[in-house]
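Residue-level structure breakdown
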Amino acid sequence: IRSDRLEEFVLVQLDRHIFKESKIPDIIAEVSERFQQDSSDRDMRIAELRNKLNGIQLQQNNIVNAVAGGQGSKLLMDRLAQLESDEQELALQIFQLETPVESAVITDEALTAAINQYAPHICKRNISECKKFIKDFVEQVTVYNDRVEVTTRIAPSLICGGEYRISKGMGRQFLPEPKSRP
């Protein structure tokens, strides 16, 4: 496969799905939705961990009561030590999940400004300049026997730590001819 055709395909996908100003509201909506979903997932995970922690504390109390009632054994003491270790691990996980995460507040203007610094290089097909920032926008290019697939993304640093990616594929025989380059 000719590299110039592959490069053109990647640039066309970037132009269509990332660098088109009409796509910015859709990108922002998807990033915001993912942040909300992540927040909901985090709340569910915290509740799950709290339930496990309560179960561990109940088991600890039962062992302590058994030991206090004169049923102390090495096996019970080992189990109590394991439960204490598990309790500390769960407490740490809960703490990490409860640590406030800055929510993604990205505006059309901010994303447009971030993208506009790169857009001219995409439009002009300035490959040498594109190679300098391509890692922020192309996650991977996969070449199969019959098709090519590119996964584009926006670097989390450009969208407040959010995540945005889209994959598109095309048959190898349909790869575009490169536009003339300056």
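Scroll up a little and you will see the structure.
Residues numbered from 1 in each chain as written. Predicted model: local features only at pLDDT ≥ 70, side-chain atom pairs only at ≥ 80, totals over all residues. Heavy atoms only, no water.

Here's the deal with the pairing of strand 2 (residues 147-154)
Across five bridges, the pairing between strand 1 (residues 138-143) and strand 2 is antiparallel. Within strand 2, the residue paired with V138 across the bridge is T152. (Pairing = 2+ DSSP bridges. Helix = DSSP H or I, 4+ residues; strand = E, 2+ residues; numbered from the N terminus.)

Quick notes on the packing of helix 2 (residues 24-68) against helix 4 (residues 108-116)
Working note: a packed helix pair is described by the angle between its axes plus the distance between those axes. Contact pair helix 2 / helix 4: the axes reach a minimum separation of 10 Å and the direction vectors enclose 115°. In this view, helix 2 runs roughly perpendicular relative to helix 4, as classed from their interaxial angle. Crossing handedness for the pair helix 2 and helix 4: right-handed. Every residue of helix 4 that contacts helix 2 at I24, P25, I27 and I28 is listed here: D108, L111 and T112. Its residues placed into classes, the contact of helix 2 with helix 4 shows five nonpolar, one polar and one charged. (Axes fitted to C-alpha atoms, helices over the stretch in contact; angles between N-to-C directions. Parallel < 35°, antiparallel > 145°, perpendicular 65-115°, else oblique. Left-handed = near helix turned anticlockwise from the far one by under 90°. Contact = heavy atoms within 4.5 Å. Nonpolar A, V, L, I, M, F, W, Y, C, P; charged D, E, K, R; others polar.)

As for helix 4
Every α-helical turn comprises 3.6 residues, leaving residues that sit three or four positions apart pointing alike. Among the residues of helix 4, those classed as buried are L111, T112, A114 and I115. Along the axis of helix 4, the buried positions cluster into a sector of 165°, meaning they face one direction only. Lining the buried residues of helix 4 we find helix 2, helix 5 (119-123) and strand 2. (Buried < 20%, exposed > 50% of the residue type's maximum accessible area, 1.4 Å probe, protein only. Arc of directions from axis to C-beta.)

Notes on the packing of aromatic side chains
This model, assessed by the stated rule, comprises four aromatic pairs. Seen in terms of ring centroids, F19 and F137 are 5.0 Å apart; in terms of plane orientation they differ by 55°. Their pairing is tilted. Placement of the pair is F19 in the loop between helix 1 (3-17) and helix 2 and F137 in the loop between helix 6 (127-133) and strand 1, with a sequence separation of 118 residues. Comparing F19 with F137, the two get one shared label, buried. Three or more aromatic residues link up through ring pairs in this structure, and these residues are F19, Y118, F133 and F137. (Phe/Tyr/Trp six-rings, centres within 6.5 Å; stacked < 30°, edge-to-face > 60°.)

Coordinates in, geometry out; function isn't part of it.
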